[in-house]
Amino acid sequence: MQKIFAFIGLVLLQTLILNEVYLFGFVIPYVYIMFLVLLPPHANRVQTLILSFILGLSIDVFESTGGIHASATLVAAYFRPQLLHLTFGLSYDYQTLSIKHESFFKKMTYVALLVFIHHSVLFALEVFSFDLWRLFLEKLLLSSVFSILLIMLMMSLIKKKLR
Amino acid sequence: MQQIFNFLIKYKAGLVFIGLLILGLSLTVKAHDYQNSKIISAANGVTGNLFHMKTNVSDYFRLASQNEVLLQENKNLQEELYQYRQQQLPKIDTSVVFNDTIFKVYTSKVIANNYSHTDNYLLLNSGDKNGLEPGMAVLSSLGVVGITEQVSANFTRVISILNRNISINAKLKKSNHFGTLTWVGEDPYIVNLVDVPRSAKVNVGDTITTGGKSFIFPGEVLIGTVEGFELDLNRGYYDIQIKLFNDMTDLGEIYVVKRKDKEEAMELLENTEQSE
């Protein structure tokens with residue numbers, strides 16, 4: 001149930017507010033990927049993949065972008081277990097991980113890696129041309145920075161409320 | 001058989017991943033292909049209505065700037081009208097003239113606007129019910145905005161001029177040299193005019209308008225001014241950067257223009273192609 005609320009909330013937040021932000025004229029932070037952070041670390045793998053594909057697709061429908069968000073979110077979701085293992089190590093392997101209680105630095109690394117994978121696929125598919133690699137890097141870098149900042153900010157807000 | 005099932009169960013996550021990835025990529029490729037871009041788009045009921053609701057709220061914050069634009073447009077129209085009256089001293093029956101025009105103008109409103117992607121689309125809050133069709137010109141009071149593409153009952157999707165798939169016939173206002181308007185995908189204030197012949201005299205600051213050599217756009221609609229240009233020596237054509245008059249990042253009320261004789265002309269073209 002909570003999952004569904006998070007899902008709908010993030011889609012609305014992304015399409016109605018964040019897609020209008022346009023920092024410096026062209027940078028949009030993509031925060032809906034936070035859904036993958038909110039999912040329990042050991043959530044069913046197949047379910048996670050399908051959910052994230054639908055999440056991406058709903059953003060695509062709003063933005064008329066075909067399937068770029070769907071593909072990007074799917075790829076990020078696929079590599080999620082590896083990223084969790086990489087950043088949290090043993091506590092993930094022994095199924096005792098609770099992201100809420102991890103240190104700020106570890107959380108940040110995890111979010112950053114997730115955002116980086118997602119944004120790389122997203123902008124590569126969007127630009128869709130080798131000639132525009134400079135534009136691709138520019139978008140990737142700037143959007144990533146703001147997405148990571150916003151996700152961390154929202155995570156800390158949610159954490160406060162839970163206490 | 002048992003082995004196949006075991007395989008499927010063991011790698012189910014990977015298989016789901018690959019299946020969905022192929023689906024996602026094919027949707028992406030389809031969207032990049034303008035010729036058959038029947039993609040799942042914002043021109044449907046749910047998303048359209050959501051954007052509509054949003055615009056109802058956000059409109060209030062843009063009243064001032066929209067007012068400014070309308071005032072400016074009124075001023076331009078007044079000036080043109082005075083000029084017109086000056087020239088046409090013998091009175092003419094305006095009703096006849098207007099019934100006879102080949103262009104029909106609809107008003108509409110942009111409710112969703114993209115400009116940060118490399119292929120951008122807009123969404124209008126009127127559609128089939130209001131008489132819109134695919135392939136009509138979309139203009140603002142300051143210049144060209146795009147072409148209608150997909151029309152549902154209440155909403156219309158527009159290919160913005162900030163889309164790499166668009167190409168519009170345009171010309172230098174003073175010398176009538178034609179070229180093709182395109183966008184490279186970077187700056188929402190700059191578009192490119194390519195294939196302008198070398199014989200044209202281009203200066204920074206020259207005005208660019210639509211060429212009128214198409215069945216979509218009326219001629220002499222303002223587009224922008226020349227910002228810079230290069231001559232491609234190998235091909236003998238100019239590549240001109242144009243600064244748009246239109247602020248594509250702030251669009252509100254717009255006009256959709258239909259050329260009434262388009263069907264007739266298209267039919268004629270098709271017939272000639274068939275008989276060849």
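Residues numbered from 1 in each chain as written. Chains lettered and ligands numbered in written order. Predicted model: local features only at pLDDT ≥ 70, side-chain atom pairs only at ≥ 80, totals over all residues.

Trainee: Honestly, the interface of chain A and chain B in this entry has me stumped. Any pointers?
Mentor: The parts lose accessible area when they come together, and the size of an interface is often stated as this lost area. At the junction of the two partners, chain A supplies 27 residues and chain B supplies 27 residues. Of all the secondary structure elements, the ones that give two or more residues to the side of chain A that touches chain B are helix H3 (45-63), helix H4 (68-78) and helix H7 (104-127) of chain A. A per-element tally of the side of chain A that touches chain B places H3(A) first, with 8 residues. Within the side of chain A that touches chain B, the residues separate by chemical class into 19 nonpolar, 5 polar and 3 charged. (Contact = placed C-beta atoms within 7 Å. Helix = DSSP H or I, 4+ residues; strand = E, 2+ residues; numbered from the N terminus. Nonpolar A, V, L, I, M, F, W, Y, C, P; charged D, E, K, R; others polar.)

Trainee: Just checking my understanding: could you explain the sheet that holds strand S5 (residues 156-163) of chain B for this structure?
Mentor: Sheet strands associate in pairs through backbone hydrogen bonding, adopting either a parallel or an antiparallel arrangement. All names here are of chain B. Around the barrel, 6 strands lie side by side as S1-S2-S5-S4-S3-S12; this closed barrel has antiparallel pairing. Sheet twist, expressed as the mean angle between neighbouring strand axes with direction ignored, is 45 degrees. Pairing of strand S3 (residues 137-140) with strand S4 (residues 143-151) involves 4 bridges; the strand directions are antiparallel. Considered in S4, the bridge of alanine 137 is made with isoleucine 147. (Pairing = 2+ DSSP bridges. Axes fitted to C-alpha atoms, helices over the stretch in contact; angles between N-to-C directions.)

Trainee: Looking at this structure, I do not really get the pairing of S3(B). What am I missing?
Mentor: Successive side chains on a regular strand alternate, one facing one side of the sheet and the next facing the other. Residue and element names in this part refer to chain B. Because side chains alternate across S3, one face comprises the buried residues Ala137 and Leu139, and the other comprises Val138 and Ser140, equally buried. For S3 and strand S12 (residues 253-259), the ladder comprises 3 bridges, and the chain directions are antiparallel. Across the sheet, the residue bridging to valine 138 is valine 256, located in S12. (Buried ≥ 20, exposed ≤ 12 C-beta atoms within 10 Å, placed from the backbone.)

Trainee: Please explain the UniProt feature "transmembrane region" (unreviewed entry) in chain A as it appears in this structure.
Mentor: Taken from the UniProt record, the annotation "transmembrane region" (unreviewed entry) applies to residues 21-39, 108-128 and 140-158 of chain A. End-to-end, the C-alpha atoms of residues 21-39 of chain A are 26 Å apart, and along that stretch the chain is 26% helix and 0% strand. (UniProt positions renumbered as here; feature names shortened; annotations may be inferred.)

Trainee: Is there a simple way to think about H3(A) in this case?
Mentor: An α-helix turns once per 3.6 residues; consequently, residues spaced three or four apart project the same way. All names here are of chain A. For H3, which comprises 19 residues, the first-to-last C-alpha distance of 27 Å matches the rise-based estimate of 27 Å (1.5 Å per residue) to within 8%. The buried fraction of H3 is high, at 14 of 19 residues. Of the residues trailing H3, serine 64 is marked for its positive phi of about 55 degrees. (Expected span 1.5 Å × (residues − 1).)

Trainee: Explain the UniProt feature "domain: Rod shape-determining protein MreC beta-barrel core" (unreviewed entry) in chain B here, please?
Mentor: Under the feature "domain: Rod shape-determining protein MreC beta-barrel core" (unreviewed entry), the UniProt entry names residues 110-258 of chain B. As annotated, residues 110-258 of chain B has a helix share of 0% and a strand share of 52%, and its two end C-alpha atoms lie 17 Å apart.

Trainee: Quick question: what am I supposed to make of the sheet that holds strand S11 (residues 237-244) of chain B here?
Mentor: Strand order around the closed barrel formed by 6 strands is S6-S7-S8-S11-S10-S9 (chain B), with antiparallel pairing between neighbours. Neighbouring strand axes in the sheet, compared pairwise and without regard to direction, differ in orientation by 40 degrees on average.

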